[in-house]
Amino acid sequence: AGFFLWIDVRKFLAGHERKAVTAEQEKEFLQKMLKKGVFMTAGKGLSNPDAGYFRLCFVKPEKEVTKGIERVVEALREWVEARGLEEKFQELQVW
């Protein structure tokens, strides 16, 4: 057993259209996270009806968890920059 973060990245994945996040966008983002060395579970696989939610479990030491969260933020930054959505990244709140 471990703890987890429930992450809502819908506004980053949806783009300017603000339409619902597609399964394809969710899959693409998961692949990006895997390339960053972070494994997250899509919310759809956990009975969440909406795409764009992810669960990040952590059972590692705090230093490794912090590095993983930094990688998530880095991936989000790259995602929005590649799509011209930089204003959305300014809204990102990380404690």
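Since this is a predicted model, take the numbers as computed values, not measurements.

Asker: Account for the packing of helix α2 (residues 23-35) against helix α3 (residues 62-82), with residues named and values stated.
Answerer: Contact geometry for α2 and α3: axes closest at 10 Å, N-to-C directions at 130 degrees. Our classification of the angle between α2 and α3 gives oblique. Between α2 and α3 the crossing geometry is right-handed. Each of Gln25, Glu28, Phe29, Lys32 and Met33 in α2 lies in contact with α3, whose residues at this interface are Arg71, Val72, Ala75, Leu76, Glu78 and Trp79. Residue composition of the contact of α2 with α3, by class: six nonpolar, one polar and four charged.

Asker: I'd like to hear about the nonpolar core, residue by residue, with values.
Answerer: Within the largest apolar cluster, 20 residues are counted, with the highest numbers of intra-cluster contacts made by Val9, Leu13, Phe29, Met33, Met40, Phe54 and Val72. When residues no more than four places from it in sequence are discounted, the contact partners of phenylalanine 29 are Val9, Leu13, Met40, Phe54, Ala75, Leu76 and Trp79.

Asker: Run through α2, naming residues and quoting values.
Answerer: Its 13 residues place the ends of α2 19 Å apart at the C-alpha level, agreeing with the 18 Å of an ideal helix rising 1.5 Å per residue. Regarding α2, the residues found buried are Gln25, Glu26, Phe29 and Met33. With its buried residues spanning 100 degrees around the axis, α2 presents them on a single face. More than 90 degrees from the buried face of α2, the exposed residues found are Ala23, Glu24 and Lys35. Structurally, α2 contributes buried residues whose contacts are with α1 (10-14), β2 (41-42), β3 (53-58) and α3.

Asker: Please set out the sheet that holds β3 residue by residue, giving values where relevant.
Answerer: As summarised here, the arrangement of the three strands in space is β1-β3-β2, forming an open sheet in which the pairing is antiparallel. Lying at the two open borders of the sheet, with one neighbouring strand each, are β1 (3-8) and β2. Two strands pair when backbone bridges link them, and β1 and β3 are joined in this way by six bridges, in the antiparallel orientation. Across the sheet, the residue bridging to tryptophan 6 is arginine 55, located in β3.

Asker: I'd like a description of a nonpolar patch on the surface, backed by residues and values.
Answerer: Together, Phe4, Trp6 and Leu46 make up an exposed nonpolar region whose accessible area comes to about 280 Å². Tracing the chain through its elements places leucine 46 in the loop between β2 and β3.

Asker: Before we move on, can you summarise α3 with the specific residues and values?
Answerer: A rise of 1.5 Å per residue sets the reference length of α3, with its 21 residues, at 30 Å; its end C-alpha atoms lie 30 Å apart and thus fit the reference within 8%. Those residues of α3 not exposed but buried are Val65, Gly68, Val72, Val73, Ala75, Leu76, Trp79 and Val80. The arc enclosing the buried residues of α3, seen along the axis, measures out at 155 degrees, which places them on a common side. Projecting away from the buried face of α3 at angles above 90 degrees are the exposed residues Lys63 and Ala82.

Cut-off values and rules
- Residues numbered from 1 in each chain as written.
- Predicted model: local features only at pLDDT ≥ 70, side-chain atom pairs only at ≥ 80, totals over all residues.
- Heavy atoms only, no water.
- Axes fitted to C-alpha atoms, helices over the stretch in contact; angles between N-to-C directions.
- Helix = DSSP H or I, 4+ residues; strand = E, 2+ residues; numbered from the N terminus.
- Parallel < 35°, antiparallel > 145°, perpendicular 65-115°, else oblique.
- Left-handed = near helix turned anticlockwise from the far one by under 90°.
- Contact = heavy atoms within 4.5 Å.
- Nonpolar A, V, L, I, M, F, W, Y, C, P; charged D, E, K, R; others polar.
- Core = buried A, V, L, I, M, F, W, Y, C linked by side-chain atoms within 4.5 Å.
- Buried < 20%, exposed > 50% of the residue type's maximum accessible area, 1.4 Å probe, protein only.
- Expected span 1.5 Å × (residues − 1).
- Arc of directions from axis to C-beta.
- Pairing = 2+ DSSP bridges.
- Patch = residues over 30% accessible without salt bridge, like charges linked within 9 Å, V, L, I, M, F, W, Y side chains within 5 Å.
- Areas by Shrake-Rupley, 256 points an atom, 1.4 Å probe, with all protein chains shown as cover.
- Salt bridge = Lys/Arg side-chain N within 4 Å of Asp/Glu carboxyl O.

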